[in-house]
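# Summary of the model geometry
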Amino acid sequence: MSEGPAAVIIVGSGPAGVGAAEAFRRHDAETPVRILTADPEPPYARPPLSKEFLRGETEDVGLHPAQWYSEHRIDLVNTHVDSIHPDHRHVSADGRRYPYSALILATGSAPIPPPVPGGERAHLLRSLADARRLRDSSVGSQSAVVIGAGFIGCEAAASLAMRGIPVTLVAPDAVPQEKRLGADAGERLRGLVTSAGARYVGGVAVEAIDDGAVRLDNGVTVHCDLVLAATGVRPQSGLAQDAGLKIDDSRIVVGADMATSASDVYAVGDVAFAYNATAGRHIAVEHWQDAADQGEIAGAAAAGADVGWDGVPGFWTTIGDATVKYHAWGDGYDKARLIEHDDGFTAWYERDGATVGVLTCNADHDYDRGEALINKAQAVCPPG
Ligand SMILES: Cc1cc2nc3c(=O)[nH]c(=O)nc-3n(C[C@H](O)[C@H](O)[C@H](O)COP(=O)(O)OP(=O)(O)OC[C@H]3O[C@@H](n4cnc5c(N)ncnc54)[C@H](O)[C@@H]3O)c2cc1C
């Protein structure tokens, strides 16, 4: 069955998909816009799910009031897209065919369950439904284990601890994100997690998740009644892959205007590997604001505007009571230096003498300065 005239079809209702719909509508008031999404909930913010929502401090995570979509004549359709057909300019979803004038893929990424015996016992955290399940299970929990010390793992461990649950955060790095951010920054992140009340056990891998316990490869068994695995995500690029679009390392390759290798098909957000005009190379990002920004670019480009991605990627995260801010290309550095402040820190990252990243806690001046230095590929302290 075919669903009406050709529309701008957006697959996914995260920040990239909603940002794309909003931007297209700003440029074009007439063409039908349809968001096809597998998530039954009205579009919502994910960042609070490991923070205020998990702590029970807010229920309000909606991106827009319910009537906003009809006011902007954006159709929200809860359906799972099974395949895309660039040669015939339609997508197939649950037995229906949706013709498109432009297609924007904003399918994000999905959490990877821990590949160990009993891995299915662990909670995963991506959707609002996941967050509700985790929060419900945590009521009355006597002790929890969080596996993985990326930002989501650190945030969730801190949030559970702040609710009075004894929490053990376990990860392979000696300190959180040592490989990604360096030992000094990792040490500060560990401090934030432990200040919130969680215990950090580094240098370990999980061997198995039993009923009521997590077994570590150092011989230690941690007893618990709640396990959350924050063990990484996988870009959901299968639709594009099956249709023969250009893929690199599981992400859809796009230009600065978010156009894929297929005509009138765009990809944005976590699933995209986008060319950044300032960096002069393709960059993979998994941040809320960058997904929204890329969505805006694709929506505008689909409406015929001349736009491109050139901003420095970045995000904010809250671990316990501390806010950490990060700007970086995120694809490596050869020198890291941490500067202590009275009530925070700044970690600077350089490659070949140019600033490529900055991580700050209570140092907004450095965060803003870092963005400018990264943008201009300048050193933190130019040789004088
Ligand atoms: C708990 C949590 C906390 C986070 N905290 C932060 C933070 O503090 N700061 C930050 O910058 N980032 C944070 N992030 C990361 C941020 O949320 C992601 O980078 C962002 O959501 C990516 O947006 P997206 O639109 O690309 O994809 P997503 O938000 O993942 O949306 C993808 C959408 O595609 C839909 N979809 C997928 N496949 C199909 C299909 N075949 N058919 C139909 N629909 C489909 C999904 O249902 C979903 O609606 C957090 C993420 C999580 C999970």
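Keep in mind it's a predicted model, so treat the numbers as computed, not measured.

Criteria and thresholds
Residues numbered from 1 in each chain as written. Predicted model: local features only at pLDDT ≥ 70, side-chain atom pairs only at ≥ 80, totals over all residues. Heavy atoms only, no water. Helix = DSSP H or I, 4+ residues; strand = E, 2+ residues; numbered from the N terminus. Rg over C-alpha atoms; globule rule 2.2 N^0.38 Å. Buried < 20%, exposed > 50% of the residue type's maximum accessible area, 1.4 Å probe, protein only. Contact = heavy atoms within 4.5 Å. Pairing = 2+ DSSP bridges. Axes fitted to C-alpha atoms, helices over the stretch in contact; angles between N-to-C directions. Near = heavy atom within 4 Å. Polar contact = N/O pair within 3.5 Å; in protein donor to acceptor, adjacent residues only side chain to side chain. Areas by Shrake-Rupley, 256 points an atom, 1.4 Å probe, with all protein chains shown as cover. Nonpolar A, V, L, I, M, F, W, Y, C, P; charged D, E, K, R; others polar.

### A closer look at the overall build of the chain
Per the secondary structure count, the chain includes 9 helices and 25 strands. Over its C-alpha trace the chain gives a radius of gyration of 22 Å, about what one expects of a compact globule, namely 21 Å for 384 residues. For the chain, the proportion of its 384 residues judged to be buried stands at 53%. Contacts spanning at least 24 positions in sequence make up 60% of the contacts within the chain whose residues lie at least 6 apart.

### Description of the environment of Leu-134
As for its position among the elements, Leu-134 is in helix α3 (residues 128–138). Exposure remark for Leu-134: the relative accessible area of 0% places this residue in the buried category. Every residue in contact with Leu-134, bar those within four places of it in the chain, is listed here: Leu-54, His-123, Leu-125, Leu-226 and Leu-228.

### Some remarks on the pairing of strand β24 (residues 344–351)
Walk down a regular strand and you will see the side chains alternate between the two sheet faces. Burial analysis of β24 places 7 of its 8 residues in the buried class, the great majority of the element. Relative to β24, strand β23 (residues 335–341) runs antiparallel, the two sharing 7 bridges. Bridged to Glu-340 within β24 is Phe-345. Taking the residues that link successive antiparallel strands as the turn, the β23-β24 hairpin has 2 residues. Pairing between β24 and strand β25 (residues 354–361): 7 bridges, direction antiparallel. Bridge pairing in β25 places Arg-351 opposite Ala-354. Count of turn residues in the β24/β25 antiparallel hairpin: 2 residues, of which Asp-352 carries a positive phi of about 50°.

### A few points about the environment of Val-11
Secondary-structure assignment places Val-11 in strand β1 (residues 7–11). With 23 residues separating them along the chain, Val-11 and Arg-34 place their C-alpha atoms 8.5 Å apart. Not counting residues up to four positions away in its chain, the partners in contact with Val-11 are Leu-36, Val-81, Leu-103, Ile-104, Leu-105, Ala-106, Thr-107 and Leu-239.

### Let's talk about the sheet that holds strand β10 (residues 199–201)
Read from one edge to the other, the open sheet built from 4 strands follows the order β10-β9-β8-β14, with strand pairing classed as parallel. The open sheet has two free edges, formed respectively by β10 and β14 (226–229), since each of these has just one partner strand. Going from strand to strand, the sheet's axes swing by 20° on average, the running direction of each strand aside. Pairing geometry for strand β9 (residues 167–170) and β10, over 3 bridges, is parallel. Pairing of Thr-168 across the sheet is with Arg-199, part of β10.

### Overview of the site of the ligand
Every one of the 35 residues lining the ligand counts as a neighbour, but Arg-46, Lys-51, Val-81, Arg-126 and Trp-288 are closest to it. Within the contact set of the ligand, an oxygen atom lies 2.7 Å away from a side-chain nitrogen or oxygen of Arg-126. In the environment of the ligand, an oxygen atom lies 3.4 Å from a nitrogen or oxygen atom belonging to the backbone of Glu-286. Look at the ligand: alone it shows 1,000 Å² of surface, and the protein chains cover 93% of it. For the shell around the ligand, the secondary structure elements donating two or more residues are α1 (15–27), β2 (33–37), α4 (151–162), α8 (288–302) and β21 (314–319). For the shell around the ligand, the class distribution of residues is 15 nonpolar, 13 polar and 7 charged.

### A closer look at the side chain of His-287
When you line up the elements, His-287 lands in the loop between β20 (281–283) and α8. Setting aside chain neighbours within four positions, we find His-287 in contact with Arg-180, Asp-270, Pro-313, Gly-314 and Phe-315.

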